[in-house]
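Structural overview for review
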Amino acid sequence: MKHFFLISSNPELFKLFKDIYPQAQWSVSERGAGAIEYLFNDPPELLIVDNDLDDLKGLELIRLFKSENVYRQVPAIICLNQDDLPHDIDFAHLEADDFLLKPIEKNIALARLNLTMARAARALDANPLTKLPGNTSIIHKIQNLIDRKENFALAYADLDHFKSFNDKYGFSRGDEVLMMTARVIVNTIRAFAGMNSFVGHIGGDDFVFIVPPEKVENVCKVIIQNFDSIVPNFYDPEDREQGFIRSTDRQGKIQTFPIMALSIAVVFNHNAKLSHYGEAAQIAMNLKKLAKKNPRSCYVMDQRKSS
């Protein structure tokens, strides 16, 4: 059960919100100062604050709460009066995630509460570097497609020899490679698959994308072609010319490592073959082992017949 916290001295406002969202566990406080300590000890999944508090403005309370970095991800909605707008609020620096204007309409309030929580969930899950959906969104997307028994191609892509590049050139340059890889995947899929697609960033140098089965092979070919044409430019001229770098391996020995390559493993859900996202991940893991035997960028597709 979701935990929502309302701070308001208006009992009618509490009754209204409880009617709007009865399935949540509600906490309520009439004063802002007394609520701060409670919020820090037991942060809610959604904070709603009436700007008309007796001891301090609701916007100030939200600012104090969000000043603690660990609580910045908690979504907060401020309830404003019509005359609070537009002069007294600097929306460019507003710490609240959304606002409602009084008198509050139930249907609009319910939609804004759901939208605020969904937006916060997406922001929390997004990869901080590429801003692509992270693990939670990836799992939900795959499982949703499986549950709907849709045909799709799921591709797991990762970089070969990325660690050795990071060790020699540093994390900042490595991040530039990850950003480039994300752009190549996103732009290629946008051109080929449009709306019927999904791209996610598991973390590090691991990405996933979902496209219609009939388009996946062309997508893989173009992604690899674009990646291979760009990635040498991230190396120093000497390393690029000789086609490898020298770096320390996991045992602490100096080794030579080739220019980075991209390995892609493709899993199909034909005729509702899959029942759980974990199956797809396991199949992809085995396929990636095959792909990585090739020193160059390549893709490997699951060739097993559907039952």
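Because the structure is a prediction, the values reported are computed rather than measured.

Procedures and definitions
- Residues numbered from 1 in each chain as written.
- Predicted model: local features only at pLDDT ≥ 70, side-chain atom pairs only at ≥ 80, totals over all residues.
- Heavy atoms only, no water.
- Helix = DSSP H or I, 4+ residues; strand = E, 2+ residues; numbered from the N terminus.
- Expected span 1.5 Å × (residues − 1).
- Buried < 20%, exposed > 50% of the residue type's maximum accessible area, 1.4 Å probe, protein only.
- Arc of directions from axis to C-beta.
- Core = buried A, V, L, I, M, F, W, Y, C linked by side-chain atoms within 4.5 Å.
- Disulfide = S-S within 2.5 Å.
- pLDDT = per-residue confidence, 0-100.
- Phe/Tyr/Trp six-rings, centres within 6.5 Å; stacked < 30°, edge-to-face > 60°.
- Lys NZ or Arg CZ within 6 Å of the ring centre and 35° of its normal.
- Contact = heavy atoms within 4.5 Å.

For helix H10 (residues 277-291), spanning 15 residues, the distance from its first C-alpha to its last is 21 Å, which sits close to the expected 21 Å at 1.5 Å a residue. All buried positions along H10 are accounted for by Ala280, Ile283, Ala284, Leu287, Lys288 and Ala291. Buried residues of H10, viewed axially, fall in a sector of 140°; they line one side.

Cis rather than trans, the peptide bond between Lys102 and Pro103 has omega equal to 0°. Backbone geometry places Asn271, a non-glycine residue, at a positive phi of 55°. Classification of Asn271 by relative accessible area gives exposed; the value is 58%. A positive phi angle, close to 55°, is found at Ala272, a residue other than glycine. Along the chain, the position of Ala272 falls in the loop between strand S11 (261-268) and H10.

What follows covers the nonpolar core. The biggest cluster of nonpolar side chains holds 38 residues, and the ones touching the most others in it are Phe209, Val216, Met260, Ile264 and Val266. Breaking this core down by element, the ones donating at least two residues are strand S6 (153-160), helix H6 (162-169), helix H7 (171-192), strand S8 (206-211), helix H8 (216-230) and S11. Looking at this core element by element, the count peaks at seven residues for H7. In terms of nonpolar packing, the next biggest core, distinct from the first, is built from 20 residues, Ile138, Ile146, Leu274 and Ala280 among them.

Enumeration according to the criterion identifies zero disulfides in this entry. You can see Cys220 has no disulfide; the closest cysteine sulfur is in Cys298, sitting 10 Å from it. According to the relative accessible area criterion, Cys298 is buried, its value standing at 11%.

Overall, the predicted model of the protein chain reaches an average pLDDT of 89, with 97% of residues at or above 70. Taken element by element, the protein chain is modelled with least confidence in helix H2 (residues 32-41), mean pLDDT 81, and with most confidence in H8, mean pLDDT 97.

A word on the packing of aromatic side chains. Applying the stated criterion across every chain yields a total of eight aromatic pairs. A centroid spacing of 5.3 Å and a plane angle of 50° characterise the contact between Phe5 and Tyr38, whose relative ring orientation is tilted. With Phe5 in strand S1 (residues 3-7) and Tyr38 in helix H2, this pair connects stretches of sequence that are 33 residues apart. Through pairs of rings, three or more aromatic residues link up here, namely Phe4, Phe17, Tyr21 and Trp26. One cation-aromatic arrangement involves Arg112 over Phe99; the distance from NZ or CZ to the ring centre is 5.5 Å.

Right, let's talk about the environment of Ala193 for a bit. Its location among the elements puts Ala193 in the loop between H7 and strand S7 (198-203). Put simply, Ala193 and Ile210 are 17 residues apart on the chain and 9.2 Å apart in space, counted from C-alpha to C-alpha. Filtering out sequence-adjacent residues up to four positions away, Ala193 remains in contact with Val211, Pro212 and Lys215.

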